[in-house]
Amino acid sequence: MTLDQENLMTGNYTYWISTALLSLLYLASAAAYVAKRDWVRRALADLGYPGYLVPVLTVVKILAVAAILSRISVPLSDLAYAGMFYHLLLSGLAHIGVRKPGGALPAAVGLVLLVASFATQNLARDIPSPDALAMAAQQATLN
């Protein structure tokens, strides 16, 4: 096996494992939003967010996972990645802002998985993302 083939295989595994774990994180969160609706409303209120966001976030989390896994549209998939990025970033910062840094841990893990998934998506998918191509080109110039 050549070095290029090994890199492709490693990137393929990295993409699917990180994407599967990210998807599970989001789907488990959406399930908790449904099963523990009142608890989630109180937790969001403690972070300074209104309770009416619970059903919106539940639907958006499920749709984001569906957009990334199905990849029926590359721009839609990239939009889902962007939405997840901002959601995870703001979630982590909200927990840190109320001095509950332990609550930011799932968001930090999610961000790592998201970056790994986004950065390796073109190795595992038939239709490349132009945004990931630009990111790869930028990294190549830095090395």
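Rules used in this analysis
- Residues numbered from 1 in each chain as written.
- Predicted model: local features only at pLDDT ≥ 70, side-chain atom pairs only at ≥ 80, totals over all residues.
- Heavy atoms only, no water.
- Helix = DSSP H or I, 4+ residues; strand = E, 2+ residues; numbered from the N terminus.
- Buried < 20%, exposed > 50% of the residue type's maximum accessible area, 1.4 Å probe, protein only.
- Contact = heavy atoms within 4.5 Å.
- Lys, Arg positive; Asp, Glu negative; His and termini not counted.
- Charge placed at Lys NZ, Arg CZ, Asp CG, Glu CD.
- Core = buried A, V, L, I, M, F, W, Y, C linked by side-chain atoms within 4.5 Å.
- Phe/Tyr/Trp six-rings, centres within 6.5 Å; stacked < 30°, edge-to-face > 60°.
- Lys NZ or Arg CZ within 6 Å of the ring centre and 35° of its normal.
- Polar contact = N/O pair within 3.5 Å; in protein donor to acceptor, adjacent residues only side chain to side chain.
- Axes fitted to C-alpha atoms, helices over the stretch in contact; angles between N-to-C directions.
- Parallel < 35°, antiparallel > 145°, perpendicular 65-115°, else oblique.
- Left-handed = near helix turned anticlockwise from the far one by under 90°.

Participant: Got a sec to walk through the overall build of the chain? Specific residues and values, please.
Facilitator: Scanning the chain from N- to C-terminus turns up six helices and zero strands. Scanning the chain from its N terminus toward the C terminus, one meets helices and strands in the order α-α-α-α-α-α. By principal-axis analysis of the C-alpha atoms, the chain measures approximately 55 × 30 × 25 Å. Within the chain, the fraction of its 143 residues that count as buried is 32%. Counting contacts in the chain only where the partners sit at least 6 residues apart, residues at least 24 apart contribute 65% of the total. Positive and negative side-chain charges in the chain, numbering 9 and 7 respectively, have mean positions lying 18 Å apart.

Participant: Account for the nonpolar core, with residues named and values stated.
Facilitator: Ranked by size, the top nonpolar core spans 17 residues in total, and within it Leu22, Tyr26, Ile68, Tyr81, Met84, Leu88 and Leu114 carry the most contacts. Put simply, the parts of the chain that give this core at least two residues each are helix H1 (3–35), helix H3 (53–70), helix H4 (74–97) and helix H5 (105–124). By residue number, the principal contributor to this core is H5, which donates six residues. The next biggest cluster of nonpolar side chains, apart from the first, holds five residues, and it includes Val40, Leu44, Val54 and Leu57.

Participant: Go over the packing of aromatic side chains, please, and point to the residues and values.
Facilitator: Centre-to-centre distance and the angle between the planes together describe a pair of aromatic rings. This model, assessed by the stated rule, comprises three aromatic pairs. On the basis of an interplanar angle of 80° and a centroid distance of 4.8 Å, the ring pair of tyrosine 15 and tryptophan 16 is categorised as edge-to-face. Overall, the relative accessible area of 38% leaves tryptophan 16 in the partly exposed class. Above the plane of the ring of tyrosine 26 lies lysine 61, whose end atom (NZ or CZ) is 5.5 Å from the centre.

Participant: Could you give me a rundown of the environment of lysine 61, with the residues and numbers involved?
Facilitator: Along the chain, lysine 61 falls in helix H3. Lysine 61 sits 59 residues away from threonine 2 along the chain, and the two C-alpha atoms are 39 Å apart. Excluding residues within four positions of it along the chain, lysine 61 makes contact with Tyr26, Ser29, Ala30, Tyr33 and His87. At 3.4 Å, the side chain of lysine 61 and the side chain of tyrosine 33 are in polar contact.

Participant: Quick rundown of the packing of H1 against H3? Include the residues and the values.
Facilitator: What describes two packed helices is the angle between their axes and the distance between those same axes. At a closest axis distance of 9 Å, the pairing of H1 and H3 adopts a crossing angle of 160°. Comparing the axis directions of H1 and H3 gives the class roughly antiparallel. Crossing hand, H1 versus H3: left-handed. Note on element contacts: H3 touches H1 through Val54, Leu57, Thr58, Lys61, Ile62, Val65, Ile68 and Leu69, opposite Tyr15, Thr19, Ser23, Tyr26, Leu27, Ser29, Ala30, Tyr33 and Val34.

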